[in-house]
Amino acid sequence: YLASLSGAADELFISTGCWQLHSFPWSPVRAELAVPSAQDDALVVHDVRTRAKRVVVRAPGAILADYSWSPDGMRLAYGRYDATASEYTGGRSAHIYAVSAGGGEPVQLTFGHSRNVFPTWSPDGRWIAFSSNRTGRPEVYIVPSEGGTSEQLTSDGGDEPVWCPVVTRPAGAR
């Protein structure tokens with residue numbers, strides 16, 4: 001449920017049907033939430049003012065997680081697990097994708113047989129930082145938000161990167 005802090009009885013029920021959910025990320029520029037939908041096998045954006053929803057991307061048989069809005073609110077990055085829910089926690093491969101918040105063809109940003117998770121956009125929207133176990137343990141990497149070669153930033157472990165709003169590399173990166 002989403003309820004007004006004013007106490008108004010105008011609640012919005014958003015049913016995800018998702019077995020695991022950390023949070024709903026808010027758009028940085030609009031009253032919209034990015035929400036997984038197990039019923040639709042999709043990532044759905046809900047406009048909380050109009051109560052409209054739109055499917056941004058469908059992924060039958062996959063689990064979509066770890067959503068992150070671009071700073072301008074025009075794109076979403078997310079992790080895609082091509083596995084069943086029980087395999088989600090077993091360290092199976094996962095990849096980072098980016099897609100227009102209006103919907104469209106997603107762009108795959110990571111490849112291989114590693115677990116690439118927790119995408120987060122740089123303040124300028126040019127990069128996406130993420131965690132990957134491609135070295136055998138979680139490390140922080142960046143990849144251009146339009147696609148390209150990723151670069152490893154940490155060498156002593158790193159997970160769930162966070163950007164500082166005034167720098168161009170995630171906190172803790174060399």
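Scroll up for the structure.
Nothing here was measured: the structure is a model prediction, and the numbers come from that model.

Peer 1: I tried to follow the overall build of the protein chain on my own but got confused; where do I start?
Peer 2: Within the protein chain, the regular secondary structure consists of one helix and eleven strands. If you list the helices and strands of the protein chain from N to C, you get β-β-β-β-β-α-β-β-β-β-β-β. Here the protein chain holds 174 residues, and 41% of them are scored as buried. Surface accessibility of the protein chain: about 9100 Å² in total, with carbon and sulfur atoms responsible for 51%.

Peer 1: I would appreciate a short explanation of the nonpolar core in the present structure.
Peer 2: Taken as a class, soluble globular proteins show a tendency for nonpolar side chains to be buried jointly. Core analysis: the biggest nonpolar cluster contains 15 residues, and Ala34, Leu43, Leu64, Tyr67, Trp69, Leu76 and Tyr78 have the highest contact counts within it. Per-element tally for this core: the top contributor is strand E4 (residues 63–69), with three residues. If you look at the next biggest cluster of nonpolar residues, it comprises nine residues, including Ala77, Ala98, Ile128 and Tyr141.

Peer 1: Honestly, the pattern of salt bridges in this entry has me stumped. Any pointers?
Peer 2: Oppositely charged side chains can form a pair if their charged atoms are brought close together. In this structure the tally under the stated criterion is five salt bridges. One salt bridge connects Arg30 with Glu32, and the closest N-O pair in it is separated by 3.2 Å. Take Arg30: its relative accessible area is 33%, and that puts it in the partly exposed class. Judged by relative accessible area, Glu32 falls into the buried class, the value being 4%. Close ionic contact of Glu146 with Arg75 constitutes a salt bridge, the shortest N to O distance being 3.0 Å. Here the residue Glu146 occupies a position in the loop between strand E10 (139–144) and strand E11 (151–152), and Arg75 occupies one in strand E5 (residues 75–81), the gap between them amounting to 71 residues. Through salt bridges that share partners, Arg30, Glu32 and Arg54 make up one connected network.

Peer 1: Hey, could you run me through the packing of aromatic side chains in this one?
Peer 2: Two aromatic rings, taken as a pair, are described by how far apart their centres are and by the angle between their planes. Applying the stated rule across the entire model yields two aromatic pairs. On the numbers, 5.6 Å between centres and 10 degrees between planes, the contact of Tyr78 with Tyr97 is stacked. With a gap of 19 residues between them, Tyr78 in strand E5 and Tyr97 in strand E6 (residues 94–100) connect regions that are remote in the sequence. Considered together, Tyr78 and Tyr97 belong to a single accessibility category, that of buried residues. Aromatic side chains Phe130 and Tyr141 sit 5.7 Å apart centroid to centroid with 15 degrees between the ring planes, which places their arrangement in the stacked category. Here the residue Phe130 occupies a position in strand E9 (residues 127–132), and Tyr141 occupies one in strand E10, the gap between them amounting to eleven residues. Like Tyr141, Phe130 is buried. Its guanidinium or amino end placed over the ring of Tyr141, Arg134 lies 4.3 Å from that ring's centre, counting from NZ or CZ.

Criteria and cut-off values
- Residues numbered from 1 in each chain as written.
- Predicted model: local features only at pLDDT ≥ 70, side-chain atom pairs only at ≥ 80, totals over all residues.
- Heavy atoms only, no water.
- Helix = DSSP H or I, 4+ residues; strand = E, 2+ residues; numbered from the N terminus.
- Buried < 20%, exposed > 50% of the residue type's maximum accessible area, 1.4 Å probe, protein only.
- Areas by Shrake-Rupley, 256 points an atom, 1.4 Å probe, with all protein chains shown as cover.
- Core = buried A, V, L, I, M, F, W, Y, C linked by side-chain atoms within 4.5 Å.
- Salt bridge = Lys/Arg side-chain N within 4 Å of Asp/Glu carboxyl O.
- Phe/Tyr/Trp six-rings, centres within 6.5 Å; stacked < 30°, edge-to-face > 60°.
- Lys NZ or Arg CZ within 6 Å of the ring centre and 35° of its normal.

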